[in-house]
Every structure is written in structure tokens, then in C-alpha cells.
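Chain by chain, the residues:
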Amino acid sequence: MSTGTGFPQERAPRTVISLDAMGGDRGPAAVVAGLVVSAQDDPGLEFILHGDEAVLKPLLAAHPDLGPRITLSHAPRIVTMSDKPSQVMRHGDGTSMWGCIDSVRNGEAAVAVSCGNTGALMAVSMIRLRKIAGVNRPAIACLWPSRNPGGFNVMLDVGADIRAEAEDLLQYATMGAAYARNGLNLSRPRVGLLNVGTEEHKGRAELKVAHDRMTVAQEAAGFEFVGFVEGGDIPSNRVDVIVTDGFTGNIALKTGEGTAKLVLDLLRGAFMGSALSKLAGLMMRGALRAMASRVDPRQVNGGVFLGLNGTVVKSHGSADATGIASAIRLAAQLARSGFNDRLAARLASAEAAGQDGITGKSGEKE
């Protein structure tokens, strides 16, 4: 559940988005439809559209007015949802996903957007863009609806890597804080480390080490560390950034999305029963629509790959035109904020601080 809500809007006469047209469950038609919505909403956007010309040209022909703003880059091959990342790393050249990332690598576009295979997209992004110096594992960050004034909390990692050591978690905290600082306009984001309890003695060994390192590094990294948080704190106003490993984060994300859909379905069913309940539903229609929009994953679509020398937005594979447009909107806001350029210095400062002065109970360096 992520969006660019709140990113500072600097006037930019031309922001180029590199778009993978062939990824995703709904095919190129949904991607082109999302592009059209975005182009109509934001006149400052231009696009490099990667995919099969024979498929894309007829879809674009219905929108001749957008022709000058779209560059079609032919890619004869597609990365499917079943392709293994290792296969794509070795044989992905010539696919729409590879071309999409290369446009950012070559400086032709500011941000890449794809709703294709997540593992393959991360693999291609890592080998083509490379990691920021000092980053061990990149992370995927999402925005989660919350009780905070800005309406969202940042959570990472939500699926880039199922593992995370203490050093990785510290880097996630620094990257997540940078994202919240720019995306939610928070001068000093509050960071929490997800655990099975808030007591300091709980959790795995690497969580305890990460807890100590975040405590020391918070000043250099520009965040306030609130300590351990639990699952119930993810949508709360106690914290702005939730840090966890990709295994836990991905399960939490998909559980949250599934629960939101279940609640909405149950409400619809409840108001479709008796005549009285239907009348109540009509009276509450505006409030229900507002609530549905608030938790609709399509409206907050796009996980951001953090820790790379370039910006990549991963849209949901099942995204429709609304979801694609949301991911493009996030990509444009990221490009205009320039937040990725500030990450390296923050990471270096936090890493130095986190390594320095961490002592165990014996008084020796851990």
C-alpha cells in the first residue's frame, strides 16, 4: 500500500517516466490506460513505453494527442510472472522490463515503473542500477494507511529479501526515514522496529543488536527511534516508519490488504439485506465511499525500491488503470523531490554512528 502523497512539488517542465508496458496480470491495455490518465492529469510528464510495438501501437492510436509525449521502445520479449529471477538476470536483455530499467540507467528517464514479476524486477534493477555504496540489501518500502495526520506510515522491507541482519535493519531505518522525510514531509520521522513485543528483552538476537544500533545512530540518520513496536502499531500514530525483514513485511502487507477487502465486502453484504439495511446503506453511501477509497490498494499503489542508484516503483501485478496511474503519480513525485540523491550521505552517517559505541553488557564491542 504505497503512494507519493505529500512529496514536495517542485516545478519541472519535463519529467520522463520509463514504463514497462508488458508486465502485470491485466496486460498492456491496463498499463496504457493508466498512462493516459496520468498524462491527462499531469501535463509535465513524458513517457518511454517499453514493449511489443505490434501490441502497443493500436492502443496508443486511440490517443494521438499524447503522441509527442510518448516514446515507444520496442522490446520483443516479456518477463512472465513465472520466470525465475536468476533466469532473467542471465537472459533478460531484450525484455520490456530490462529496457525499462536501462532507460533509468542511461539517464533517459528519471524513474522506472513496472507491475511485473517482483523478484525479477529487483534482480534486474540490482544488476543494471547497482546498489548505493555500503548498502547490503535494498528494500521495498510501502505506505500504510494510519492514524497519523498525514494519513500514512512507511513500512519496509515488504518483500525485497526475506532475510535481514542487524546492519540491514539499520539501513532500512535510515532509508525509510529518508522516504518519510520527503514523502510525508516529516522533519524527524519516528522509527519503530517490528517485534513480538515492546519489551527490550524480547525477539531474535539480530533484533536486539539492531535496537542498540538504531538507538545510537538516530541523530546522524535524522530520525527518532521509539524502540520495538508490535503489529498493532503498524497503522497507529505511535510511529511513522516500521522496520522489519521482507518475509514478515510482505505477509503483513498482504494480510492488511486482504483484511481491508474482507471488511469492505462484509459491509456491502450487510447493507444489501433487508429494506431497512438498504436504506441505511444509501444514507451512509458517502461515508462508505470515502472509507473504501481510504483503504483501496489501487489508490496507494506502488512499492519503492530503496538503496539503488536509481529509482524504481513496483506496481501491484493486478493493478488496473487506476492503480497504474497511482504508481506513475508516485514515480513523478519521487523524481521531482530528488530524495534518492540524499540517501547515500544519510546511510554513511548512520552506519558510522551505528557501528561506533555499541557495547554489550560485558563492555566489549558487539
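Our subject in this report is the structure included herewith.

Scoring rules and cut-offs
Residue indices begin from 1 for each chain and proceed along its sequence in written order. Local features are withheld for residues below a pLDDT of 70 in this predicted model, meaning they are given only at 70 or higher, and side-chain atom pairs are given and counted only at 80 or more; totals for whole chains, interfaces and linings count all residues. To get the side-chain values, all heavy atoms of the structure are used, and hydrogens and water are removed first. In this description a helix means any DSSP run of H or I spanning at least four residues, a strand means any run of E spanning at least two, and both kinds are numbered starting from the N terminus. Per-residue accessibility, obtained with a 1.4 Å probe over protein chains only, is compared with the maximum for each type, and a residue is labelled buried under 20%, exposed over 50%, and partly exposed between these values. Any two residues whose heavy atoms approach within 4.5 Å at even a single point are treated as in contact. Computed with a 1.4 Å probe, the accessible areas rest on the Shrake-Rupley method; for each residue, only the protein chains presented here act as cover. DSSP-based pairing: two strands are paired if at least 2 bridges between them are found. Between N-to-C directions, angles span 0 to 180 degrees; the directions come from axes that are lines fitted to C-alpha atoms, helices contributing only their stretch in contact. Between Lys or Arg on one side and Asp or Glu on the other, a salt bridge is scored when a side-chain nitrogen of the former is within 4 Å of a carboxyl oxygen of the latter. In the analysis that follows, any N or O atom pair within 3.5 Å is treated as a polar contact, provided that within protein one partner can donate a hydrogen and the other can accept it, and provided that, for residues neighboring in sequence, both atoms belong to side chains. Nonpolar cores were defined as sets of buried Ala, Val, Leu, Ile, Met, Phe, Trp, Tyr and Cys residues, with membership established by side-chain atoms within 4.5 Å. Patch criteria: residues need more than 30% relative accessible area and no salt bridge. Like-charged residues are merged within 9 Å; nonpolar side chains of Val, Leu, Ile, Met, Phe, Trp and Tyr are merged within 5 Å.

1. Remarks on the overall build of the protein chain
Logical step 1: Secondary structure summary: the protein chain contains 12 helices and 11 strands in total.
Logical step 2: The proportion of buried residues among the 366 residues of the protein chain is 52%.
Logical step 3: Sequence separation of 24 or more characterises 73% of the internal contacts of the protein chain that already satisfy a separation of 6 or more.
Logical step 4: With the model as given, the accessible surface of the protein chain reaches about 16,000 Å², and the carbon-plus-sulfur share is 54%.

2. Quick look at the sheet that holds strand S4 (residues 111–114)
Logical step 1: Here we have 11 strands laid out as an open sheet, ordered S3-S2-S1-S4-S11-S10-S5-S6-S9-S7-S8, and mixed in their pairing. Each of the sheet's edge strands pairs with one partner strand only, and the pair in question is strand S3 (70–74) and strand S8 (224–229). Neighbouring strand axes in the sheet, compared pairwise and without regard to direction, differ in orientation by 25 degrees on average.
Logical step 2: Alignment of strand S1 (residues 15–20) against strand S2 (residues 45–51), held across 6 bridges, turns out to be parallel. Note that in S2 the partner of Val 16 across the bridge is Glu 46.
Logical step 3: Packed onto the sheet, helix H1 (residues 28–41) meets S1, S2 and S3 and runs at close to 170 degrees relative to S2.
Logical step 4: Its contacts with the sheet place helix H5 (residues 118–129) against S4, strand S5 (139–145), strand S10 (303–306) and strand S11 (311–314), and it is angled at close to 175 degrees to S11.

3. Considerations on the pattern of salt bridges
Logical step 1: In the structure shown here, the tally under the stated rule is 12 salt bridges.
Logical step 2: Asp 42 is the partner of Arg 336 in a salt bridge, and the nearest nitrogen-oxygen pair spans 2.8 Å. Highlighted residues: Arg 336 in helix H11 (residues 321–337) and Asp 42 in the loop between H1 and S2, separated in sequence by 294 residues. Here Arg 336 and Asp 42 have matching classes, each one buried.
Logical step 3: Residue Glu 199 is joined to Lys 202 by a salt bridge in which the shortest nitrogen-to-oxygen separation is 3.5 Å.
Logical step 4: Given the relative accessible area of 29%, Lys 202 is considered partly exposed.

4. Thoughts on the side chain of Ser 236
Logical step 1: Its location among the elements puts Ser 236 in the loop between S8 and strand S9 (241–243).
Logical step 2: Ser 236 gets classed as buried once you look at its relative accessible area, which sits at 8%.
Logical step 3: At 2.8 Å, the side chain of Ser 236 forms a polar contact with the backbone oxygen of Asp 233.
Logical step 4: Once residues lying within four places of it in the same chain are set aside, the contact partners of Ser 236 are Ser 146, Arg 147, Asn 148 and Asn 153.

5. Brief notes about the nonpolar core
Logical step 1: Leu 49, Tyr 179, Met 214 and Val 243 are the most contacted members of the largest nonpolar core, which totals 65 residues.
Logical step 2: The dominant element in this core, judged by the number of residues it contributes, is helix H6 (residues 166–183), at 10 residues.
Logical step 3: Once you skip the residues sitting within four places of it in the chain, Met 214 turns out to touch Leu 169, Leu 170, Ala 173, Leu 193, Phe 223, Phe 225 and Val 243.

6. What to know about a nonpolar patch on the surface
Logical step 1: Residues Ile 162, Phe 247 and Ile 251 make up a contiguous nonpolar surface patch of roughly 320 Å² in combined accessible area.
Logical step 2: Summarising the element assignment, Phe 247 is placed in helix H8 (residues 246–270).
Logical step 3: A relative accessible area of 48% means that Phe 247 is categorised as partly exposed.

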